[in-house]
Amino acid sequence: MDSSGLVCEKFVKFVTRSDTSKNEMRIPSDFCSKYGNQLPASFHVILRNGYRLPVDFDRRRGILKGFLWFFNHFDLKGGEMLLFEYYGRYDLNVYIIGTNCSEIEYPSIVHHLQTCHPGRVTLGNGGWRFLFFVDPTVSLVDEIEPPTTFIERCGSTFPIWPRIGLNNGKVFRGTYSRQTGKISCLRTMCDVLGLADLKPFHMLLFTYDGVGMVNVSVFDENLFEVVFPGSPTSIDETSPTFDIASRFEITIQPCHMLKYCYGVDISTEYKDLCDMWARIDYINVYSGDSSWRLQVRKRSDWKRTTINDGWVEFREDLGLNVGDICSFQCCTDSYSNFTVSVIKYHLNDV
């Protein structure tokens, strides 16, 4: 579904024993064709503990160079999986999924070229992840059983009625049994997506935020994320009725049109809405079947909020120009999901 325009692409790389002795890693051709021209020749692969791996990108071959240090530092033996996320700027986030299909506990190390101390990795700072593989030989089941290590870390806080979120912004309720340690949500997920089963897909990624939300990403046989059409406010037979709760507007300025735009300020007029976001947060923005993921960040004085990562792709996809007005509207109890409408600027309107 290449037309979605979602600026939060994920892909997974299986690490073989042979890979761990090489300095190069090939990334999916689908990702390279969509975003290869946006990545510089050198950038960083970043882990949750503050580890930053400098890599060189061979765009023509679709290869990242410099991974041998990474394999050695994290003592990878083969059988692990690397989950990559791209937020539309210069670097890639990476998460390590162990051979038990659960995200690992990260060691307190940084790259030997770094002078900083490693950061503390917690459930409340980025959530925790596990993978579930679809078995195409069996009928659709509703329950899944997370890895034991995931339950040990998260089971005490995992809600009995978790909110399950998809990458098109749709949210529904699942259930969790503390007795069996199983999550029930797959049948409802298929109903929401209008699918008979999950057989067309290879695996699912579950990310628990530590509060009550579980985000589910779906991957195809090439281990590239599938982006579903729709938005939180698109109406179908499974959709609840939403009320528009809040909004903000941005009038496009010349500085917003620079090739490397380092931030678009949101007026303090909308401070009450911005206060609903964390210091560094992400919002999903929808227009028709297109969607984008934008990073919002509080400035050091906490008085103003800025849109950072994802803005350039958002601007280009919508064909924005100086003077255009973007109106963002969100739904009740959904301050991370917005629909956007654009009022085009015309000289004869002045």
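It should be noted that the structure appears before, not after, this text.
Everything numeric in this text was worked out from a predicted model, so none of it was measured.

Student: How do you make sense of the overall build of the chain when you look at a structure like this?
Tutor: Scanning the chain from terminus to terminus reveals six helices and 23 strands. In terms of overall dimensions, the chain is globule-like: its C-alpha atoms have a radius of gyration of 21 Å, near the 20 Å expected for 350 residues. Dimensions along the principal axes, computed over C-alpha positions, put the chain at roughly 65 × 50 × 40 Å. Looking at the 350 residues of the chain, the share that counts as buried comes to 49%. Taking the contacts inside the chain whose residues are at least 6 apart along the sequence as the reference set, 61% of them involve residues at least 24 apart. Total accessible area on the chain stands at roughly 17000 Å², and carbon and sulfur atoms take up 49% of it.

Student: Looking at this model, I keep getting lost on the side chain of Lys10. Mind explaining?
Tutor: Note on placement: Lys10 falls in strand β1 (residues 9-14). A polar atom in the side chain of Lys10 sits 3.5 Å from the side chain of Ser217. Not counting chain neighbours up to four residues away, the residues in contact with Lys10 comprise Leu83, Phe84, Glu85, Leu205, Ser217, Phe219, Leu223, Phe224 and Glu225.

Student: How should helix α4 (residues 186-193) be read in this particular structure?
Tutor: Since the α-helix turns once every 3.6 residues, residues separated by three or four places project in the same direction. Of the positions making up α4, those classed as buried are Leu186, Met189, Cys190, Val192 and Leu193. Seen along its axis, α4 keeps its buried residues to an arc of 160°; they face one direction. Contacts made by the buried residues of α4 are with β8 (128-133), β9 (143-144), β11 (171-173), β13 (182-184), β14 (203-208) and β15 (213-219). Once α4 ends, the next one or two residues include Gly194, with phi positive near 70°.

Student: How should unusual backbone geometry be read in this particular structure?
Tutor: Negative phi values dominate among residues other than glycine, just as trans dominates among peptide bonds. Of note in this structure, Asp75 is not a glycine but carries a positive phi near 55°. As for its placement among the helices and strands, Asp75 is situated in the loop between α2 (68-73) and β6 (81-86). Its identity as a non-glycine residue notwithstanding, Cys101 has a phi of 75°, on the positive side. Summarising the element assignment, Cys101 is placed in the loop between β7 (92-97) and β8.

Student: I would appreciate a short explanation of the pattern of salt bridges in the present structure.
Tutor: Oppositely charged side chains can form a pair if their charged atoms are brought close together. The tally for this structure, following the rule as stated, stands at 13 salt bridges. For Lys77, the salt bridge goes to Asp75, with nearest N and O atoms at 2.8 Å. For Lys77, a relative accessible area of 54% corresponds to the exposed category. A salt bridge links Lys344 to Asp324; its shortest N-O distance comes to 2.7 Å. With Lys344 in the segment after β23 (334-343) and Asp324 in the loop between α6 (311-318) and β22 (325-331), the pair connects residues that are 20 residues apart, well separated along the chain. By relative accessible area, which is 34% here, Lys344 ends up partly exposed.

Student: When you look at the nonpolar core in this model, what are you seeing that I'm missing?
Tutor: Soluble globular proteins: nonpolar side chains tend toward being buried together. Core analysis: the largest hydrophobic core is formed by 71 residues, its most contacted members being Phe67, Phe70, Leu82 and Met189. When near neighbours in sequence (up to four residues on either side) are disregarded, Met189 contacts Leu166, Phe172, Leu198, Leu204, Val216 and Val218. Counting residues in each nonpolar core, the second largest holds 24 residues, with Leu273, Cys274, Trp292 and Leu320 among its members.

Student: When you look at the sheet that holds strand β2 (residues 24-26) in this model, what are you seeing that I'm missing?
Tutor: Sheet strands associate in pairs through backbone hydrogen bonding, adopting either a parallel or an antiparallel arrangement. Judged by pairing direction, the sheet is mixed, and its seven strands sit side by side in the order β1-β6-β7-β3-β4-β5-β2 without closing on themselves. Since the sheet does not close on itself, it has two edges, and those belong to β1 and β2, each with one partner. Along the sheet, successive strands turn relative to each other by an average axial angle of 30°, direction set aside.

Student: Help me out: how do you make sense of the environment of Trp128 in this one?
Tutor: By secondary structure assignment, the location of Trp128 is in strand β8. The spatial distance from the C-alpha of Trp128 to the C-alpha of Ala278 is 18 Å, given a sequence separation of 150 residues. A distance of 3.2 Å separates the side chain of Trp128 from the backbone oxygen of Glu103, its partner in a polar contact.

Reading the values: rules and limits
Residues numbered from 1 in each chain as written. Predicted model: local features only at pLDDT ≥ 70, side-chain atom pairs only at ≥ 80, totals over all residues. Heavy atoms only, no water. Helix = DSSP H or I, 4+ residues; strand = E, 2+ residues; numbered from the N terminus. Rg over C-alpha atoms; globule rule 2.2 N^0.38 Å. Buried < 20%, exposed > 50% of the residue type's maximum accessible area, 1.4 Å probe, protein only. Contact = heavy atoms within 4.5 Å. Areas by Shrake-Rupley, 256 points an atom, 1.4 Å probe, with all protein chains shown as cover. Polar contact = N/O pair within 3.5 Å; in protein donor to acceptor, adjacent residues only side chain to side chain. Arc of directions from axis to C-beta. Salt bridge = Lys/Arg side-chain N within 4 Å of Asp/Glu carboxyl O. Core = buried A, V, L, I, M, F, W, Y, C linked by side-chain atoms within 4.5 Å. Pairing = 2+ DSSP bridges. Axes fitted to C-alpha atoms, helices over the stretch in contact; angles between N-to-C directions.

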